[in-house]
Every structure is written in C-alpha cells, then in structure tokens.
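# A structural walkthrough
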Amino acid sequence: MDIKNDGARYAFVVRWSDPMTQIVWKYQFMYHTSDRSIEMYEMKNQKTFLKRVAYPALALEQLYIGSTILVYSRQLFIEDYGDDFTRKHLRGLQETTLAMIKPDAFQHTGQILECITANGLLIKNLRMCQLSVPQAEEFYKCHRGKPFFPCLTQLIASGPVVAMELVGENALCRWRMLLGPTSAEVARIKAPSSIRAQFGTDCTRNACHGSDSHESARLETCFFFIDRKLGMCARFRNCSVAIVKPHAVTAGSAGAIINRVMENFDVTAMELAQFTRATAMEFYEVYRGIVPDFLAMTFELGSGDFIAMEIADKQNPCMNPVNKFRDLCGPADPCIARSLRPHTIRAEFGINKVKNAIHCTDLEEDGELESQYIFMHEYALDGRAPPALVSKAPCTRKIESTDSSEYSSSGTCSGTTSGSSSCSSSQSDRGPPPPRFSCRA
Ligand code: GDP
C-alpha cells in the first residue's frame, strides 16, 4: 500500500519556541494520510491545541525527525516520533546518510542535486566547505595507510566540497546505488547513468562520497554539521547573495537554479538554512513600507528550507557582481520576466511576485552585509551581534519593480526611493539583535 495514503495516523512530538516569550511549547502532532489533515495537542496541559483540519500543504515526506515545518505561520521543529506505530513504520523510510560532492565535481553541484531530488531523496542539511589536508585526513581516517590515502586527502583539500545529509527510504543504499562503482572508469562501463560515470574522472576523482554504514553516516554527519565553522569558505567581499527561496526548494528546483547560477558565476559559499519569521523580517527590513508585498515576502522566506549562496564574478573576482547577478535573476515579477527577460531565473522558475524563485542582493554595498548575515556563524556561536543588514550608504535602494513600465531595457529597475528611516539606520540604532536564522545541527 502507498504509505502516503495508507489511511494511517502518524504521531510526532514537535516543539515551538514562542518568539515573544521565548517559552518552548511541546505538542503531540498528528498527521492523517487519508485526507492530509493534522491535529495538535499541547502536552503539558493535555489540551487540544488544534482540532483536526485539512492541511494539504503538508506532505508526509516533510515529517521527519529534525525537520522544521510551517503550520499556520508557526515553525514547528519535529523532535521525535510520537508513538511506537509511527516509529516502526517511518524509521526505515526516513533513514539518513551523508553525501559529499568532491572538489572534482563541484561545478556539477546543480546537476547532482537534481539527481538527488529526482530520485526521491530529501536534502535535510547542506554545507559547502573548504577542508584543510588535516581535516580531509580526519574525515577519511579509516583509509589512513592505504596507498591512495595521500592522493585522496589532497584531492579533498584542493577545492570546495558540498556536504549533504540526505533522508529517505533506504537513503544509504539508494545514494550508493546512484553513485555507482568507486572507479569512474568502471562506472562508465557497468553503470553508465550513475553519478560517478557522468561526473567522475578516475578512481580517486570519482565525483562524490557516500557513507558505507549507518555508524559512518552518523559520524560523518557530525563531522560536517556539528561545528558550523568547519571549513567556512565565504569571502565577505566583492560578493552578492542568492537565496533559492523555500517554494523553489520544495518544488525540487534548487538543483536547476544552482546550475544556472554556477554557469555564470563563481559560488564561494553555500548553505541550506531557515529563517524564523523574525529574521526573515530583519533580512527584508529595507523593503518594509516600500514594497507592498513585504509581509508576504517575509512569510515565504520564513516558510521552510532555503539554499543561500555567496556569489562572485567568474572573470574578475575583484569586481562587484551585484548588478550583473540581478540581471541573471531578472525582474521581481516572473510574469514581467517571462515577457521581457525570458531567459532569466525568475522567468523560468518564478510563480508570482512573492514566490519568485530567488532572492538577489539589490545594492552593490549590501552584498557583503547580506553574506555576513547568512554565513558568518561566529556571530551565532559566540553571541556577538550580527552585522546590520541595512546599508549605511545614503538610501538609493532599487525597488524590485513589479511594473513593466519601470523596467528599463538594461535589465535594472528604474524605481528608486529615498528618505525611508529604515534605509538609513545604522546597527547602533537598531537595538538588540533578533534571534538568528537556524541551521540544523
Ligand atoms: P567508496 O565508498 O566507493 O567511496 O570507496 P572507499 O570508501 O573504499 O574509498 C574512499 C575513496 O578513496 C574513494 O571514493 C576513492 O576516491 C578513493 N579510493 C578508494 N579505492 C581506491 C583505489 O584503489 N585507488 C585510488 N586511486 N583511489 C581509491
């Protein structure tokens, strides 16, 4: 029977942190597959919190331990299974494994992500890292002493890797099946459609890694995702920020969008993360009172996982890429993009002005600030305030125009604004920092 519609009721323990009071509430969360309905009970006081109601936006695949779901604007973190029936039925279906794109296949990250989602695996966590040789040796310590060990660790430290925690039924075996044989040359003969056959070169440079046991998966996941500063590679200068929005990640379009970005720009940092509603609002603060869709935009950005990237110019890394990258993204309104800039990312992947596939930095001077906000984890780790997101330059922020008449043929928006108090505030004006966005540890 199809597990997604088996008539079963699955139970989870979820927690919600009230952003106003900081109180953490725990709920029993029920999901009925027959009609995609949900119900919730507040655990401490044993009270009904939400009567059974259809909630078709939520799919069973999204309900796994460690995931965050959005229910009526609340971000609920799934902490555990709620009963033995759910544990027994879903544990096998929600296995996790560690995947790593090696430096030799880094340029194919988008295609590899497409392959992962096309094969029904979910990306629970993702980080791009630049490992040192000692860090690569630590990761591959089980191979220490083997003849290929020096070549392997030098390869891993020779460029960026993308570590991913994948989740799905038999995720470990399925990912290794997708990889194919260790040697890319053998893979091309025995499994020509495998990832290693397509993107690998030889036995060492074989595109990707996959955990070989559940214990390795656990240890390797901890290696990459406990210390968020490990191998941090963002540059924080001459950069723009791209965020593949939650709706596009959910739709499985992240790989194709990353392809488009990587064809045209260098990606110098990448990470899957989430914003709370408060941080989504802070991130978009400069649009408050200026863009009519401000609230809907913050809602979308805080609605689930996004993939953020720091972008640099391919030809000239010293050049500010902000405007060039905006050209690739296209007009904020995908309808306008489809008629005026049909080859842009928003024309291809956007749905409407709010779900327009990708965020890109607006002002040249904001690229570094946005990158620091997203990627500078020591702010989160040692309690220092995150950098102000609002440019200290006089406010001439380009509004992401939604009116085709304001969209000039050069691909930049002509609508500008000035005088908004939020646009000229500095960090010291802004009071204590709000909570940062969350990465899954
Ligand atoms: P995997 O599980 O298929 O990745 O293979 P292993 O865990 O056995 O080895 C780890 C990595 O070491 C492989 O992905 C290769 O990059 C490299 N490697 C393994 N065996 C050899 C070999 O015989 N020769 C060379 N040059 N590299 C190897």
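Residues numbered from 1 in each chain as written. Predicted model: local features only at pLDDT ≥ 70, side-chain atom pairs only at ≥ 80, totals over all residues. Heavy atoms only, no water.

## Digging into the overall build of the chain
- Counting its regular elements, the chain contains 18 helices and 14 strands.
- When burial is assessed residue by residue, the chain has 54% of its 441 residues classed as buried.
- Of the contacts formed within the chain by residues at least 6 apart in sequence, a portion of 68% connects residues at least 24 apart.
- As displayed, the chain offers around 19000 Å² of accessible surface, 53% of which is attributable to carbon and sulfur atoms. (Helix = DSSP H or I, 4+ residues; strand = E, 2+ residues; numbered from the N terminus. Buried < 20%, exposed > 50% of the residue type's maximum accessible area, 1.4 Å probe, protein only. Contact = heavy atoms within 4.5 Å. Areas by Shrake-Rupley, 256 points an atom, 1.4 Å probe, with all protein chains shown as cover.)

## Comments concerning unusual backbone geometry
- If you check the backbone angles, Asn238 has positive phi at about 45° while not being a glycine.
- Among the structural elements, Asn238 can be located in the loop between α8 (214–225) and β11 (240–244).
- Residues other than glycine seldom take positive phi values, yet Ala357 does so here, at roughly 75°.
- Residue position: Ala357 is located in the loop between α15 (345–349) and β14 (358–360).

## Points about the UniProt feature "binding site: ATP" (unreviewed entry) in the chain
- Under the local residue numbering, the UniProt record ascribes the feature "binding site: ATP" (unreviewed entry) to Lys102, Phe148, Arg176, Thr182, Arg196 and Asn206.
- Relative to the helices and strands, Lys102 is located in the loop between β7 (95–101) and α2 (109–118).
- Dropping the residues within four chain positions of it, Lys102 is found in contact with Tyr140, Leu152, Leu155, Ile156, Pro160, Val161, Thr204, Asn206, Ala207, Cys208 and His209.
- If you trace the backbone, Arg176 turns up in helix α5 (residues 171–179).
- With residues near it in sequence (within four places) discarded, Arg176 still touches Gly210, Ser211 and Asp212. (UniProt positions renumbered as here; feature names shortened; annotations may be inferred.)

## Considering the site of the ligand
- Looking at the ligand, the residues that line it are Lys102, Tyr140, His143, Phe148, Leu152, Arg176, Thr182, Arg196, Cys203, Thr204 and Asn206.
- Taking Thr182, its side chain carries an N or O atom lying 2.6 Å from an oxygen atom of the ligand.
- At 2.7 Å, a side-chain N or O of Thr204 approaches a nitrogen atom of the ligand.
- Coverage of the ligand by the protein amounts to 75% of the 540 Å² it exposes when considered alone.
- Of the residues assigned to the shell around the ligand, the class counts are 4 nonpolar, 4 polar and 3 charged. (Near = heavy atom within 4 Å. Polar contact = N/O pair within 3.5 Å; in protein donor to acceptor, adjacent residues only side chain to side chain. Nonpolar A, V, L, I, M, F, W, Y, C, P; charged D, E, K, R; others polar.)

## Comments concerning the environment of Glu215
- Here Glu215 lies in helix α8.
- The partly exposed category is assigned to Glu215, whose relative accessible area is 42%.
- Here the alpha-carbon distance between Glu215 and Thr97, two residues 118 residues apart in the chain, equals 9.6 Å.

## What to know about the side chain of Glu220
- The residue Glu220 is located in helix α8 in this model.
- It is Arg176 that comes nearest to the buried, bridge-free Glu220 among opposite-charge side chains, at 7.7 Å. (Lys, Arg positive; Asp, Glu negative; His and termini not counted. Salt bridge = Lys/Arg side-chain N within 4 Å of Asp/Glu carboxyl O.)

## Points about helix α4 (residues 149–156)
- Looking at α4, one finds that the buried residues are Phe149, Leu152, Thr153, Leu155 and Ile156. All buried residues of α4 lie within an arc of 155° about the axis, which places them on one face of the element.
- Along its buried surface, α4 packs onto β7, α3 (133–139) and β9 (161–168). (Arc of directions from axis to C-beta.)

## Regarding the packing of aromatic side chains
- With the rule as written, the count across this model stands at 15 aromatic pairs.
- Seen in terms of ring centroids, Phe12 and Tyr81 are 6.2 Å apart; in terms of plane orientation they differ by 45°. Their pairing is tilted. Of this pair, Phe12 sits in strand β1 (residues 9–17) while Tyr81 sits in strand β6 (residues 74–81), and the two are 69 residues apart along the sequence. Each member of the pair, Phe12 as well as Tyr81, is classed as buried.
- Relative to Tyr373, the ring of Phe275 lies with its centre 6.2 Å away and its plane at 45°, an arrangement referred to as tilted. Taken as a pair, Phe275 in the loop between β12 (265–273) and α11 (277–283) and Tyr373 in helix α16 (residues 367–375) lie far apart in primary sequence, 98 residues in all. (Phe/Tyr/Trp six-rings, centres within 6.5 Å; stacked < 30°, edge-to-face > 60°.)

## Regarding the pairing of β12
- Here β12 lies mainly inside the structure; 8 of its 9 residues are buried.
- Bridge count between β12 and strand β13 (residues 306–313): 8 bridges; the pairing is antiparallel. When the bridges of β13 are listed, Leu272 appears paired with Ile307. (Pairing = 2+ DSSP bridges.)

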